[in-house]
Amino acid sequence: MGERCCAAVVRVLVLQAACALSGGQVRYSVPEEAKAGTVVGRLAQDLGLEAGEAEARRLRLVAPGRRASVEVSGASGALLVSSRLDREDLCGKSAPCALRLEVLLERPLRVFHVQLEVTDINDNAPVFPAARKNLSIAELSVPGSRFPLEGASDADIGVNAQLTYTLSPNEHFSLDLQKMEEDGESLFLVLRKSLDRETILVHRLVLTASDGGRPSLTGTMELVISVLDVNDNAPQFNQSVYKMQLPENAERGTLVIRLNATDLDEGANSNISYSLQILSPQDGRNIFGIDKNSGEIRLKGDLDFEVDSLYRLQVDATDKGTVPLSGHCKVVLEVVDVNDNAPEVWVTSLSVPVPEDASLGTVVALLSVSDRDSGENGRVRCWVWPASPFGLEATFAGSYSLVLREALDRERVSEYEVEVRAEDGGAPALRAGRGLRVPVSDVNDNAPLFAQAVYTVLARENNAAGAELARLWARDPDEAANGRVSYSVWDGGVGVGGGGGAAGSSSSSGVGWRPASSYVSVDAQSGRLWALQPLDYEELQVLQFEVRAVDAGEPPLSGNATVQLFVLDENDNAPALLPPAGSAAEAGGVAEAAVALAGAGSESGTLWAWAAWGAPAGQVVAKIRAVDADSGYNAWLRYELWEPRGKGPFRVGLYSGEVSTARALDEADGPRQRLLIVVRDHGEPARSATATLSVSLLEAAEAALAAGSSSSSSLAAVSRSAAGVELGAGAASAATNVWLVVAICAVSSLFLLAVVLYGASRWAPRAAVLSAPGPTTLVCASEVGSWSYSQRHSRSLCVADGAAKSDLMVFSPNFPPPPPAPAAKDTQPEPSALLDTVSANTLLSSLSRSQYLSPEAGPCAAACLM
């Protein structure tokens, strides 16, 4: 036997590499009984792997449910026989004998299916049920009588299991082998010549069974034939073959069939005894039993469709004659499958944890599912519960891959409990399940997120260095280093310049640029925002910058939040007096110069002005101007007359700073009045400054001359667009005649200009703006109120000094349009009522009164001509 096996291995029918990579499956063939180490196929090469790649990627074999007897060489990647391959142990009589193997390849994880066919070699000789068979044949048996024999069985398949029978040479008996589709092969011993018990009492023959292998193997059985005398009628059954079906879950003691044979003889020769023989399979002897008197066949053991699905029984009915005669029949029992096996689920490979950014289709696990039942009872349906985010994909018969169907988010679900469920098609259906725990590993896919996009922080100026301003917090749902957040100031910058103005608004002159990190800093771990230095509202009112939160992931992600730091004003600046309009210390505009020409001046640090004796009460003689670098209430100024106290000839506007006569002036008031004026803000505590004003009392003509000279200077300043000029009292008296001539010339020029404009407006076509429907209303606001004026047709002139905080637009009254009137086609339309003649006196008076139109307008005003 060993020599035949070696010869078969040497022949190596390694039909090998039927390596058809169709559908990802590799097929190999190897004969059974191949020696350990026999190369089945070059698996790594057939899978398209480079040299050394099989070992680097851990090419290995997975055989679900049984030992495969083959292995993969780690060095060469070849598929080798690792232990004895016995086709009969692996597959029995099944043909072909195909083993389904799974080959795993890592980095990345891939699965290949390998079908290994174990081919049969003639390594099993035919075997008879017994070495000796005793037969009793009546001598009266006629030639042609047939006596059934138990054939031999061969564990091999195909040609190697095709048996032929020969009988040792004799003159009385021959063999007859019948092949029928229903009950297979039947072997009979045929009597060819009448027996003579007196001549030969016992015939000893040798029955030889030979298989179809090369070389052929044989098995023998001795037939001992005893010749009996007389009893010439054998029992007879109604049928030669009985076919039955029985479910595999039939209980022990279940009646299979009741047989009845008849014998035409009488007496003891007609008494029948039944006996049972198991033709196939050989291991079914202890499953059935027969009552020798009644012929009832009952179950003694358990049926299992998955082990044996068909039994062939032979029943012998033997009479009790002196020479017993026998009748024979066959019982073919088909075992009916019932759904008595639940599906089985195996996890052959599990790749966890799964990163949360794994792509769809990623293989998480490999599973094998099988059911030992057949037909619908063995048809298995698989699914995953819960249905998301994983799914099953069938890769081969009974093989599945657990793949990712939906995107993962560890911050939402960090671990999945997955159950793979299997259900067969039986009734009732049987189920099985396999639980899997699939953890999800974190990746840095979430940037830190602040609770607010914009933080508004209020801080008082003059704060202490290191004072905490606010606490910022950003959330990162990732874990470990991916969720560890650090904070930093993302440098923006601010222009640093001087502040000023009574209203507290800053006007940056762009003295320099400083980064935000020079003012504030943020703690990298806690997000505490603190000041690096005291803040000064007059230098910086609003500081806007970004705070960046960065996690420690790879690559790091960041989030930003905008911080608006508003510096709150403290009353840390006293009011500051402004120099008179038109002085060398001021850089004001034309309009402010015109206002200042109402009579203000300075002498040795003292402001001075003129007033005429007999001036009525309420006439403005001067205006005190001051600013406060603070803002709001801290910059809201009020003016108080500190000296002289009591009922003096002058008074000061509380908020306008205008010095006017409190009553009519007379010579008793003296040639000069000295006024001490205190300017205070509304802060807590209040801060103040003082101004000294010297008012000279003159005759009416001298006062008019001073006023005229001031007005002429104003007109010259407007025409030249230059700063105004302050004249002293002595200079005005010396140049009286000159300024009179200049004033007359200026008035005449303006009168002539007005006449020309009037004529031009009369004969020129009307502008479209004159016929515009309805006036447009403009609301002009100051710190003490608002006014609404017509903006239909206006001309404005505004010259601002450098420290202005607000402007006032002065408009002419809003005249309603005249009602429409029919006009002849040949007549010229009347000029619009909106166009007025402006006289020189009107211009002078408007220029001289512009500073009194709005006490709170500040040093910038606009004279609008309609």
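Computed from a predicted model, the values in this text were never measured in an experiment.

Undergrad: An account of the overall build of the protein chain is requested, with residue identities and associated values reported.
TA: Scanning the protein chain for helices and strands turns up 9 helices and 56 strands. Within the protein chain, residue pairs in contact and separated by at least 24 positions form 69% of the contacts whose partners lie at least 6 positions apart. Summed over all atoms, the accessible surface of the protein chain reaches about 43400 Å², with 53% contributed by carbon and sulfur.

Undergrad: Describe the packing of aromatic side chains, naming the residues involved and giving the relevant values.
TA: In total, this model carries 9 aromatic pairs according to the counting rule given. Ring geometry for Phe-390 and Tyr-416: centres 5.5 Å apart, planes at 90°, overall edge-to-face. Of this pair, Phe-390 sits in strand β28 (residues 390–396) while Tyr-416 sits in strand β30 (residues 415–424), and the two are 26 residues apart along the sequence. As far as the burial class goes, Phe-390 and Tyr-416 line up, both buried. Note on Trp-608 and Trp-610: the rings are 4.6 Å apart at their centroids and 80° apart in plane angle, and the pair reads as edge-to-face. Under the relative-accessibility criterion, Trp-608 is labelled buried at 10%.

Undergrad: So what's going on with the side chain of Asn-377? Residues and values would help.
TA: By secondary structure assignment, the location of Asn-377 is in the loop between β26 (363–370) and β27 (380–385). Not counting chain neighbours up to four residues away, the residues in contact with Asn-377 comprise Asp-337, Val-338, Asn-339, Asp-371, Asp-424, Gly-425, Gly-426 and Ala-427.

Undergrad: Outline the nonpolar core, listing residues and values.
TA: In terms of nonpolar packing, the biggest core is built from 28 residues, with Phe-450, Leu-469, Val-520, Leu-543, Phe-545, Val-563 and Leu-565 touching the most fellow members. Looking at this core, the elements that each hand over two or more residues are β33 (454–460), β34 (468–471), β36 (485–490), β39 (520–522), β40 (528–531), β41 (542–551) and β42 (558–568). Setting aside anything within four residues of it in sequence, one finds Val-563 in contact with Tyr-455, Val-457, Leu-472, Leu-529, Leu-543, Gln-544, Phe-545 and Val-547. By size, the runner-up hydrophobic cluster in this structure holds 26 residues, among which are Ala-34, Leu-47, Ala-54 and Phe-112.

Undergrad: I'd like a description of the pairing of β28, backed by residues and values.
TA: Taken together, the 6 bridges between β28 and strand β29 (residues 399–404) define a ladder with antiparallel strand orientation. In the strand pairing of β29, Leu-392 is matched with Leu-402.

Undergrad: Account for the environment of Trp-530, naming residues and giving values.
TA: Here Trp-530 is to be found in strand β40. Residue classification places Trp-530 among the partly exposed residues on the basis of a relative accessible area of 24%. As for Trp-530 and Glu-468, which are separated by 62 residues in sequence, their C-alpha atoms are 4.2 Å apart. Discounting residues that sit within four places of it in the chain, Trp-530 has contacts with Gly-466, Ala-467, Glu-468, Leu-469, Tyr-519, Val-520, Ser-521, Val-522 and Asp-523.

Undergrad: I'd love a proper account of unusual backbone geometry, names of residues and values included.
TA: Note that the residue after Trp-385, namely Pro-386, is joined by a cis bond; omega there is 0°. If you trace the backbone, Pro-386 turns up in the loop between β27 and β28. Here the amide bond leading from Ser-388 into Pro-389 is cis, since omega sits at 10°, within 30 degrees of zero. Structurally, Pro-389 can be placed in the loop between β27 and β28.

Undergrad: Kindly report on the sheet that holds strand β20 (residues 288–290), identifying the contributing residues and their values.
TA: Taken in spatial order, the 3 strands line up as β17-β21-β20 in an open sheet, and their pairing is antiparallel. Both outer strands of the open sheet, β17 (255–258) and β20, are each paired with one neighbouring strand and no more. Averaged over all pairs of adjacent strands, the angle between their axes in this sheet comes to 20°, without regard to strand direction. Bridge count between β17 and strand β21 (residues 296–299): 3 bridges; the pairing is antiparallel. When the bridges of β21 are listed, Leu-255 appears paired with Arg-298.

Undergrad: Let's hear about the side chain of Arg-410: which residues, and what values?
TA: Within the secondary structure, Arg-410 is located in the loop between β29 and β30. Using a relative accessible area of 10% as the deciding quantity, one classes Arg-410 as buried. Separated by 3.0 Å, the side chains of Arg-410 and Asp-442 make a polar contact. When sequence neighbours within four positions are dropped, the list of residues in contact with Arg-410 reads Glu-356, Val-440, Ser-441, Asp-442, Pro-477, Asp-478 and Glu-479.

Undergrad: Explain the sheet that holds strand β25 (residues 354–355) residue by residue, including any values.
TA: Ordered in space as β25-β31-β30-β27, the 4 strands form an open sheet in which the pairing is mixed. For this open sheet the edge positions go to β25 and β27, each flanked by a neighbour on one side alone. Taken together, the 2 bridges between β25 and strand β31 (residues 431–441) define a ladder with parallel strand orientation. Across the sheet, residue Val-354 finds its bridge partner in β31, namely Val-440.

Undergrad: So what about the environment of Ala-407? Which residues, and what values?
TA: Structurally, the position occupied by Ala-407 is in the loop between β29 and β30. The spacing of Ala-407 and Pro-389 is 18 residues in sequence and 7.1 Å in space, taken between C-alpha atoms.

Undergrad: An account of the environment of Pro-247 is requested, with residue identities and associated values reported.
TA: Examined against the element boundaries, Pro-247 turns out to sit in strand β16 (residues 241–247). The class of Pro-247 is partly exposed, set by a relative accessible area of 31%. The contact partners of Pro-247, leaving out residues within four places of it in the chain, are Leu-303, Val-336 and Val-338.

Undergrad: How would you sum up the confidence of the model for the protein chain? Please name residues and give values.
TA: Interpretation of this model should avoid reading the predicted coordinates in detail wherever pLDDT is low. When pLDDT is averaged along the protein chain, the result is 76, and 74% of the positions lie at 70 or above. Low confidence marks residues 765–866, where pLDDT is under 50. Its contacts with residues over four positions away, or in another chain, come to 152 contacts.

Undergrad: Report on the pattern of salt bridges, specifying residues and quantitative values.
TA: What the rule picks out here adds up to 23 salt bridges. Between Arg-146 and Asp-176 there is a salt bridge, and its shortest N-O distance comes to 2.6 Å. Highlighted residues: Arg-146 in strand β9 (residues 146–149) and Asp-176 in strand β11 (residues 173–180), separated in sequence by 30 residues. What makes Arg-146 partly exposed here is its relative accessible area of 35%. The shortest N-O distance in the salt bridge between Arg-663 and Asp-669 comes to 2.8 Å. Taking relative accessible area as the criterion, Asp-669 reaches 11% and is therefore assigned buried. Each of Arg-410, Glu-411, Asp-442 and Glu-479 takes part in a single network of salt bridges with overlapping partners.

Calculation criteria
- For every chain, the first residue of its written sequence is number 1, and the numbers climb from 1 along that sequence.
- In keeping with the predicted nature of the model, local features appear solely for residues at pLDDT of at least 70, side-chain atom pairs appear and are counted solely at 80 or more, and the whole-chain, interface and lining totals rest on all residues.
- Each side-chain value is derived from all of the structure's non-hydrogen atoms; neither hydrogens nor water enter the calculation.
- Secondary structure is summarised from DSSP: a helix means a run of H or I of at least four residues, a strand means a run of E of at least two, and numbering begins at the N terminus for each.
- Contacts: residue pairs with any heavy atoms within 4.5 Å of one another.
- The accessible surface values rely on the Shrake-Rupley method and a 1.4 Å probe; as for residues, cover is taken only from the protein chains in view.
- Whether two aromatic rings pair depends on their centres lying within 6.5 Å, for rings of Phe, Tyr and Trp, where Trp uses its six-membered ring; planes under 30 degrees apart make the pair stacked, over 60 edge-to-face, and the rest tilted.
- Residue exposure (1.4 Å probe, protein chains only): buried if accessible area is under 20% of the type maximum, exposed if over 50%, otherwise partly exposed.
- Residues belong to a common nonpolar core when they are buried Ala, Val, Leu, Ile, Met, Phe, Trp, Tyr or Cys residues joined through side-chain atoms within 4.5 Å.
- A pair of strands is labelled paired if DSSP reports no fewer than 2 bridges between them.
- A fitted line through C-alpha atoms represents every axis, and for helices the fit uses only the stretch in contact; the resulting angles, taken between N-to-C directions, go from 0 to 180 degrees.
- Whenever two N or O atoms come within 3.5 Å, that pair is a polar contact, provided that in protein one can donate a hydrogen and the other can accept it, and provided that, for residues adjacent in sequence, both atoms are side-chain atoms.
- A score from 0 to 100, pLDDT tells how confident the predictor is in each residue.
- Throughout this description, the term salt bridge denotes a Lys or Arg side-chain nitrogen within 4 Å of a carboxyl oxygen of Asp or Glu.

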